Amino acid sequence: MSTGDEIHFFRIRVRRQGVAVRNLVLYLLIAFAGGIMVSSISRFLFHGSLLALAHRGLSGQIMRALLLLLGFVALPTVVLLKLNREPYTYSGWNTDGWPIYAVHGFLSGALLMGGIAIIIGPPQISHMVHQPATVWPDIVLSLLLWGILALGEEGLNRGYAFVQLARALSFWPATLLGSAVFAAEHLPNPGESLMGVINAGLLGSVLSYALYRTGSLWFSVSFHASWNFFQTSVFGLANSGSATGTGLLHVIPTGPRWLTGGSTGPEASVLVIPACLILTGLIRGITAGRPHGQMDT
């Protein structure tokens, strides 16, 4: 198998769309079973439900994120790759060039969220910076948490299941449907708004485009982690309606709700729209001259 065939799994023609649909259904069933499994593990090892772990500080949230990653992403992906005798690259986890894509994704998330934070309210140094013994360990744990959560969310929404959906429908219809699902996943968040949900769908579409251009999830994972980390732990802003307390910097949003996102946070700001356009350009820029996934429609 050539490198191009290995990376750009979207070029693979599936003669029977039913095979892709079958794989998608199997993924969902195995993920459901995986959810039950990790819930049982949580109760056995940590004497509490997955929901309870979310209320046990950063360490509990990290363990919960790891369990969710195991049950809903790792388990069904590995089982189906083995069942179908496919290489892991067909699940979106291709490792060719991953450090470059990961660095670009992280810097893109930091740049765009930093730009939004500066526009909605000039950042000021937080008093937390002067408490290094307590704040810096939490910052490191927070970065780890957002990284694991990004692995889980991107793996679930744009990993193996998404590839099967794209093989069944072609890439762009799968992107629209997948992004709608990703947006809907934000509805239960406390304090979420309609604009926040719409923006989540837009970001989901751009991150799917990153998969299309790079042939892997590493840009999307790194961007997702960086975007949330800088939003919360660095700038101290709300994330999808959830207040996160004080970050390394302190931003007091000033201006109309459509600009700042209000209590929902910057993800409900109109500034996310130009951020998505800039992100699309960045993705095209870092993949210029490289072959990218072409879906057979």
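No experiment lies behind these values; they were computed from the predicted model shown.

**Some points on the overall build of the protein chain**
Looking only at helices and strands, one finds 12 helices and two strands in the protein chain. Its helices and strands in sequence order give the protein chain the pattern α-α-α-α-α-β-α-α-α-α-α-β-α-α, from N to C terminus. Per-residue burial for the protein chain yields a buried fraction of 49% across its 297 residues. Intrachain contacts of the protein chain at a sequence separation of at least 6 include 77% that bridge at least 24 residues.

**Considerations on the pattern of salt bridges**
A full pass over the atoms with the stated rule returns two salt bridges. In this structure, Glu86 and Arg167 form a salt bridge, with 3.3 Å as the shortest nitrogen-oxygen distance. Taken together, the residues Glu86 in the loop between α4 (57-84) and α5 (98-120) and Arg167 in helix α7 (residues 160-169) connect sequence positions 81 residues apart. With respect to class, Glu86 is no different from Arg167; both count as buried.

**Some words on the environment of Leu80**
Here Leu80 lies in helix α4. Separated by 80 residues in the primary sequence, Leu80 and Tyr160 place their C-alpha atoms 8.8 Å from one another. The contacts of Leu80, once residues within four sequence positions are left out, are Asn23, Leu26, Tyr27, Ile30 and Tyr160.

**Description of a nonpolar patch on the surface**
Among the surface-exposed residues, Leu194, Ile198, Leu202, Ile273 and Leu277 lie close enough to one another that they form a single nonpolar patch of about 480 Å² accessible area. By secondary structure assignment, the location of Leu202 is in helix α9 (residues 194-214).

**Remarks on the nonpolar core**
Within the largest apolar cluster, 46 residues are counted, with the highest numbers of intra-cluster contacts made by Phe219, Phe223, Trp227, Phe230, Phe235, Leu279 and Ile283. Those residues within four positions of Trp227 in sequence are excluded, and the remaining contacts are Gly109, Leu112, Met113, Ile116, Leu203, Glu267 and Val272. Judged by nonpolar contacts, the second largest core, of 13 residues, contains Leu80, Leu81, Tyr160 and Ala161.

**Quick word on the confidence of the model for the protein chain**
Model confidence for the protein chain is summarised by a mean pLDDT of 88, while 88% of its residues fall at 70 or above. Low pLDDT (under 50) marks residues 1-7, which in the prediction has 12 contacts with non-local residues, meaning those over four places away or in another chain.

**Here's the deal with the packing of aromatic side chains**
In the structure shown here, the tally under the stated rule is 13 aromatic pairs. Where Phe171 meets Tyr212, the ring centres are 4.7 Å apart and the plane angle is 35 degrees; that geometry is what we call tilted. Of this pair, Phe171 sits in helix α8 (residues 171-184) while Tyr212 sits in helix α9, and the two are 41 residues apart along the sequence. An angle of 85 degrees between the planes, with centres 5.4 Å apart, marks the rings of Phe229 and Phe230 as edge-to-face.

**A few points about α9**
One full turn of an α-helix is made of 3.6 residues, so residues set three or four places apart face in the same direction. Taking 1.5 Å of rise per residue, the 21 residues of α9 would be expected to cover 30 Å, and the 30 Å separating its terminal C-alpha atoms lies within 8% of that figure. Most of α9 is tucked away, with 16 of its 21 residues classed as buried. Just past α9, the residue Gly215 takes up positive phi, approximately 80 degrees.

**Some points on unusual backbone geometry**
Here His47, not a glycine, exhibits a phi torsion of approximately 55 degrees, which is positive. When you line up the elements, His47 lands in the loop between α2 (17-46) and α3 (50-53). Its relative accessible area of 67% is what places His47 among the exposed residues. Of note, the phi angle at Arg85 is positive, near 55 degrees, even though the residue is not glycine.

**Some details on the packing of α2 against α7**
Relative to each other, α2 and α7 sit at 155 degrees, their axes nearing to 8 Å. What the angle tells us is that α2 and α7 run roughly antiparallel. Along this stretch, α2 crosses α7, giving a crossing that reads as left-handed. Where α2 approaches α7, its residues Gln17, Ala20, Val21, Asn23, Leu24 and Tyr27 are matched on the opposing element by Tyr160, Ala161, Gln164, Leu165, Arg167 and Ala168. Across the contact of α2 with α7, the residue classes tally to eight nonpolar, three polar and one charged.

**Considering the side chain of Thr232**
Within the secondary structure, Thr232 sits in helix α10 (residues 218-234). Side-chain polar atoms of Thr232 contact the backbone oxygen of Asn228, separated by 2.7 Å.

**Quick look at the packing of α8 against α9**
Packed helices, taken two at a time, are described by their axes: the angle between them and the distance between them. In the contact formed by α8 and α9, the axes pass within 8 Å of each other and the chain directions differ by 140 degrees. It follows that α8 is oblique to α9 by the angle criterion. Once α8 is placed against α9, the crossing between them reads as right-handed. In this structure, α8 contributes Phe171, Trp172, Thr175, Ser179, Phe182 and Ala183 to the contact, and α9 contributes Val197, Ala200, Gly201, Gly204, Ser205, Ser208, Tyr209 and Tyr212. Among the residues making up the contact of α8 with α9, the classes are represented as eight nonpolar, six polar and no charged.

Parameters at a glance
- Residues numbered from 1 in each chain as written.
- Predicted model: local features only at pLDDT ≥ 70, side-chain atom pairs only at ≥ 80, totals over all residues.
- Heavy atoms only, no water.
- Helix = DSSP H or I, 4+ residues; strand = E, 2+ residues; numbered from the N terminus.
- Buried < 20%, exposed > 50% of the residue type's maximum accessible area, 1.4 Å probe, protein only.
- Contact = heavy atoms within 4.5 Å.
- Salt bridge = Lys/Arg side-chain N within 4 Å of Asp/Glu carboxyl O.
- Patch = residues over 30% accessible without salt bridge, like charges linked within 9 Å, V, L, I, M, F, W, Y side chains within 5 Å.
- Areas by Shrake-Rupley, 256 points an atom, 1.4 Å probe, with all protein chains shown as cover.
- Core = buried A, V, L, I, M, F, W, Y, C linked by side-chain atoms within 4.5 Å.
- pLDDT = per-residue confidence, 0-100.
- Phe/Tyr/Trp six-rings, centres within 6.5 Å; stacked < 30°, edge-to-face > 60°.
- Expected span 1.5 Å × (residues − 1).
- Axes fitted to C-alpha atoms, helices over the stretch in contact; angles between N-to-C directions.
- Parallel < 35°, antiparallel > 145°, perpendicular 65-115°, else oblique.
- Left-handed = near helix turned anticlockwise from the far one by under 90°.
- Nonpolar A, V, L, I, M, F, W, Y, C, P; charged D, E, K, R; others polar.
- Polar contact = N/O pair within 3.5 Å; in protein donor to acceptor, adjacent residues only side chain to side chain.

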